[in-house]
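Structural features, examined
Here are the chains, one letter per residue:
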Amino acid sequence: MQKIRHTPVAPTRTQRLASGGEIDAHRHDDHQIAYASQGTIAVTTDAGSWVAPATRALWIPAGTVHQHQAHGELDLHLVGLPTTENPLGLDRPAVLAVSPLLRELIVAYTRTPGDDSAPRLRLRAVMLDQLRVSPEQPLHLPTPTGPLLRELHAILRADPADNRPLDELGRQIGASARTLSRRLRAELGLSYPQWRTQIRLHHALILLAEDLPVTAVAHRCGWSSASTFIDVFRRAFGHTPGARTAAG
């Protein structure tokens, strides 16, 4: 059984992680914001996984068991907040849009974690104000709990480009397409195409962080063309894959 570290105070700091590097499963008594100004960060909890490129930050509520993984060379900025401060009013993990201003505030605030000067406290106040108006982004990939959906999830995560119809995948795991669709709606609130698209977008973010060309990412994730992938990506994230490293 995996041991879960308990670090009561969520740290505020900047650290580098090599591509593929991890921070093992742990929890804090504080809230935490995790932001990668370079690279893409993935956070996994029992409820699912969240992936955030440099235009996004992750909100991790107090008590949430989570682990981090770096995709691409990662400049990770962590902001710890006491439970009395919840600028987002959220009690679950979430991905937030990061404006150019918020990016600079987080980077500056985490650069000198031991500084309690008046200018830094003012910077912190502005950062919290910006967080309050940061819109939540739909980048959550929920983890199914039932054995059938877990098996289907494993197949799609192993090969996001698997374009077999649901009835064919169902035969492989011993369930009808109707049963799988019903369970997806009941467990995750998603249709099969919606869920598969979420899996593919998460995988695409990881491949983009590893500097694969957009066309290669599109085909590895199951899209018929780069233009189709770009259109889906833009609708999900508000910008094209080629603009993924620019905050805002």
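Per chain, the residues get numbers from 1 upward, laid out in the order the sequence is written. At least 70 in pLDDT is required for a residue's local features to be given in this predicted model, at least 80 for side-chain atom pairs to be given and counted, and no such filter applies to totals for whole chains, interfaces and linings, which use all residues. Values reported for side chains reflect all heavy atoms of the structure, with hydrogen atoms and water molecules removed beforehand.

Below, the discussion takes up the pattern of salt bridges. Criterion for a salt bridge: a side-chain nitrogen of Lys or Arg within 4 Å of a carboxyl oxygen of Asp or Glu. By the definition in use, this model includes eight salt bridges. Ionic pairing is found between Arg103 and Glu104, a salt bridge with its closest N-O pair at 3.5 Å. Throughout, exposure labels follow a simple rule: accessible area from a 1.4 Å probe, protein chains only, divided by the maximum for the residue type, with under 20% read as buried, over 50% as exposed, and the rest as partly exposed. Accessibility expressed as a relative area gives 21% for Arg103, which makes it partly exposed. Classification of Glu104 as partly exposed rests on a relative accessible area of 47%. Put simply, Arg132 and Asp129 hold a salt bridge, and the shortest N to O gap is 2.7 Å. Placement of the pair is Arg132 and Asp129 together in helix H2 (residues 118-132), with a separation of three residues, close to one helical turn. Arg132 gets classed as partly exposed once you look at its relative accessible area, which sits at 47%. When its relative accessible area of 44% is taken as the criterion, Asp129 is described as partly exposed. Helix and strand assignments follow DSSP, with helices taken as H or I runs no shorter than four residues and strands as E runs no shorter than two, numbered in order from the N terminus.

Let's shift gears to the packing of helix H1 (residues 100-111) against H2. To get an axis, a line is fitted to the C-alpha atoms, and for a helix only the part in contact is used. The angle between two axes follows their N-to-C directions and goes from 0 to 180 degrees. Their axes nearest at 10 Å, the elements H1 and H2 cross at an angle of 140°. In terms of axis orientation, H1 runs oblique to H2. The handedness of the crossing between H1 and H2 is left-handed. Facing Leu101, Leu102, Leu105, Ile106, Ala108 and Tyr109 of H1, the residues of H2 in contact are Arg120, Leu123, Arg124, Val126, Met127, Gln130 and Leu131. Throughout, the ten residues Ala, Val, Leu, Ile, Met, Phe, Trp, Tyr, Cys and Pro are labelled nonpolar, Asp, Glu, Lys and Arg are labelled charged, and all others, Gly among them, are labelled polar. Partitioned by chemical class, the residues of the contact of H1 with H2 number ten nonpolar, one polar and two charged. Between 65 and 115 degrees an angle is taken as roughly perpendicular, under 35 as roughly parallel, over 145 as roughly antiparallel, and anywhere else as oblique. Helix crossings are classified by the rotation of the near helix relative to the far one: an anticlockwise turn of less than a right angle makes the crossing left-handed, while a clockwise turn makes it right-handed. Every residue pair with non-hydrogen atoms within 4.5 Å of one another is taken to be in contact.

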